[in-house]
Amino acid sequence: MAKLGYPFTLGVASGEPAPDGVILWTRLAPVPFDPDPARPGGMPARSVPVRWQVAEDPAFARIVRQGTASAAQAWAHSVHVRVDGLRPATDYHYRFSVGAPFGAETSPAGRTRTAPARDSTAPVRFAVASCQRYEHGHFTAHRHLAAELPDVVFHLGDSIYEYGRPAVPKPGRYVRPLEPPERECLSLHDYRNRHARYRTDADLRAAHAAAPWVVTWDDHEVDDNYAGVRPADGSPPAAFLRRRTAAYRAYYEHMPLRVRPVGEELRMYRWRPYGGVADFLVLDARQYRAGADMLGPAQERWLLDRLRSARARWKVLVQPLFFARRAFPGPLGPTFSTDAWDGFAEQRARVLAAAGERLVVLSGDVHNNWACDLDDDAGRPVGVEFVGTAITSAPSGAGGGPILAANPHIKFFDDHRGYLAGTAGPAGFEIAYRVVDFVDRPSGQLGTAARFGVREDRVVRLDV
Ligand code: FE
Ligand code: CA
């Protein structure tokens, strides 16, 4: 067989940090968006052994774990290595290598970090990203995020967008091309090539290689504003479920997840503890939606139990959608987004009641920055919400002023693209709104639009 090209075109990643281990990810794809659905990534139809190494140092002089994983064509030659036996709250470096049929090739090295031990009170430094629409801009924010070397990165969804190239793109909103043939994703092959398109971006690869990621999804990993098995366009659920299953599979194949899809389900809601400092509760706001139920009964039960029994200083929801009430003033009275938590107000009230206090909600989806106070139905403070802007996705264009005026519990609006940089400690919780000045061309400069802390379950503005 002819020698294949360089296989690590999509980079490396790690995720799901535990006190004793992480997941390591890569996918072999010498031809990142091979047009032949029978050859995802331009790979032959057989399994390929992939060596992996974990070291304490970036030169790989002190290797502490190593082994061989099998990259199978059924999973588009992705590998998800479960590494254990590591020390808590420790930096590690990892890489992959392959032999035949590639000759000998080694991946770029990644840096990862385990979670702290159960009893740790050390602060955790994290970043929050969401909404990275490839064709809308350059992932410069990811390059800056990578440079901060956070302990962990939370991605709140819209990690890809399923859209094709519009017939007439809006000015400034199609600044770089999707993979050929630039059409909407419907099949497993389409979604695989779309994820691959994104990972060919060097800035996104740098962010994945810089820190372990804990990811959840929103709608665009499958289809705009879908709910459970129902697409927003009202087409039949059976056909949509096949599309969703393909999208979930491709998502798994490109993310450092601990669990794989089982039938039509990919279990995304989960608890990621960081010592005594933070219980990160990762939510799935799409897969189990039905009627006035965003989470589904099983996930809601799990969440309310976790909130009531949380022992860490901060209870942090890692989830895609605007959580606080947000009234849009209009001539006929206020309107609300029924796709976000305002469409699920009773479930939101149950979440707030179960949390009671010390709640921090991290959100994305709306493509600009916000900060909010959260009250229960009796008007008592329960916690705060930090809404992070998009990495690139264009905002709706509506300004923040009228919304701030109509919603006194919303304290901050900013209309840049960027990400959040946060610190959770035993005493405080702080968020810096990192912003880039432009995304329609490379090399946007980084700034900080604002910093907020939390005092007695209220946001307080801090000096930048
Ligand atoms: Fe989005
Ligand atoms: Ca969304």
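**Thoughts on the nonpolar core**
- Counting residues in each nonpolar core, the largest one holds 41 residues, and the members touching the most others are Tyr-251, Leu-257 and Leu-266.
- Looking at which element gives the most residues to this core, the answer is helix 4 (residues 237-253), with 6 residues.
- Leu-281, Met-294, Trp-341 and Cys-372 belong to the second-largest nonpolar core, a separate cluster that totals 33 residues.

**Here we look at the domain arrangement of the chain**
- Taken domain by domain, the chain consists of domain 1 (1-112) and domain 2 (115-461).
- Contact with domain 1, which involves 37 residues of that partner, is made by 37 residues of domain 2.
- With both sides pooled, the region where domain 1 packs onto domain 2 buries about 3100 Å², and carbon together with sulfur makes up 54% of that total.
- Interface area lost by domain 1 to domain 2 is led by Glu-16, Phe-33 and Trp-75, which between them contribute 26%.
- Remark: the boundary between domain 1 and domain 2 carries 2 salt bridges.
- Linking domain 1 with domain 2 are 21 residue pairs in polar contact (both at pLDDT 80 or more), by the criterion used here.

**Describing the coordination of the iron ion (ligand 1)**
- Distances from the iron ion (ligand 1) to its protein donors, namely Cys-131 (SG), Asp-158 (OD), Tyr-161 (OH) and His-367 (NE2), fall within the range 2.0 to 2.5 Å.
- The site at the iron ion (ligand 1) holds 4 donor atoms, and with the angles between them running 86 to 168 degrees, its shape is irregular.
- Look at where the donors of the iron ion (ligand 1) fall in the sequence and you get C-x26-D-x2-Y-x205-H.
- In this structure, the iron ion (ligand 1) is positioned 3.9 Å from the calcium ion (ligand 2), and both are ligated by Asp-158.

**Focus: the coordination of the calcium ion (ligand 2)**
- The calcium ion (ligand 2) binds to the protein through Asp-158 (OD), Asp-218 (OD), Asp-219 (OD) and Asp-365 (OD), with metal-donor distances spanning 2.2 to 2.7 Å.
- Each donor residue of the calcium ion (ligand 2) belongs to the same chain, and together they define the spacing D-x59-D-D-x145-D.
- Its relative accessible area of 1% is what places Asp-218 among the buried residues.

**Topic: the packing of aromatic side chains**
- Tallying each qualifying case throughout the model produces 25 aromatic pairs.
- Seen from their ring centres, Tyr-134 and Tyr-198 are 5.6 Å apart, and the 45 degrees between their planes marks the pair as tilted. Placement of Tyr-134 in the loop between strand 9 (124-129) and helix 1 (140-147) and of Tyr-198 in helix 2 (residues 188-199) is noted, with a sequence separation of 64 residues between them. Just as Tyr-134 is buried, Tyr-198 falls in that class too.
- In textbook terms, an aromatic cluster arises when at least three aromatic residues are bridged by ring pairs, as seen for Phe-126, Phe-154, Tyr-274, Phe-280, Trp-314, Phe-386 and Phe-429.
- The cationic tip of Arg-326 hangs over the ring face of Trp-370; the distance from NZ or CZ to the ring centre is 5.2 Å.

Conventions adopted
- Throughout this document, residue positions are counted from 1 along each chain, in the order its sequence is written.
- Chains and ligands are labelled sequentially in the order written, the chains with letters from A and the ligands with numbers from 1.
- A pLDDT threshold of at least 70 governs which residues receive local features in this predicted model, and a stricter bar of 80 or more applies before side-chain atom pairs are shown or counted, although totals over entire chains, interfaces and linings include all residues.
- Side-chain calculation: all heavy atoms of the structure are included, whereas hydrogens and water are not.
- Buried Ala, Val, Leu, Ile, Met, Phe, Trp, Tyr and Cys residues form a nonpolar core when they are joined through side-chain atoms within 4.5 Å.
- The buried label goes to any residue with under 20% of its type's maximum accessible area, the exposed label to any with over 50%, and the partly exposed label to all in between, with areas taken from a 1.4 Å probe on protein chains only.
- In DSSP terms, a helix is any run of H or I states spanning at least four residues, a strand is any run of E spanning at least two, and both are numbered starting from the N terminus.
- Residue ranges labeled as domains rest on an automatic or database domain assignment.
- Note on definitions: a residue-residue contact is assigned when non-hydrogen atoms from the two residues lie within 4.5 Å.
- Two parts placed together each lose some accessible area; with a 1.4 Å probe, that loss summed over both constitutes the buried area.
- Any carboxyl oxygen of Asp or Glu within 4 Å of a side-chain nitrogen of Lys or Arg constitutes a salt bridge here.
- Identification of polar contacts relies on pairs of N or O atoms within 3.5 Å, with a donor-acceptor requirement for protein atoms, meaning one able to donate a hydrogen and the other able to accept it, and with residues adjacent in sequence counted only if both atoms are side-chain atoms.
- Donor selection uses N, O and S atoms within 2.8 Å of the metal (3.2 Å for Na, K and Ca). Since no water is included, sites may look incomplete.
- In these descriptions, tetrahedral denotes four donors with every angle between 85 and 135 degrees, square planar four donors and octahedral six donors with opposite donors over 155 degrees apart and the rest between 65 and 115, and irregular any other case.
- Pairing of aromatic rings covers Phe, Tyr and Trp, the last counted by its six-membered ring, and requires centre-to-centre distances within 6.5 Å; plane angles under 30 degrees mean stacked, over 60 mean edge-to-face, and any other angle means tilted.
- Our definition puts a charge over a ring when NZ of Lys or CZ of Arg is within 6 Å of the ring centre and also within 35 degrees of the ring normal.

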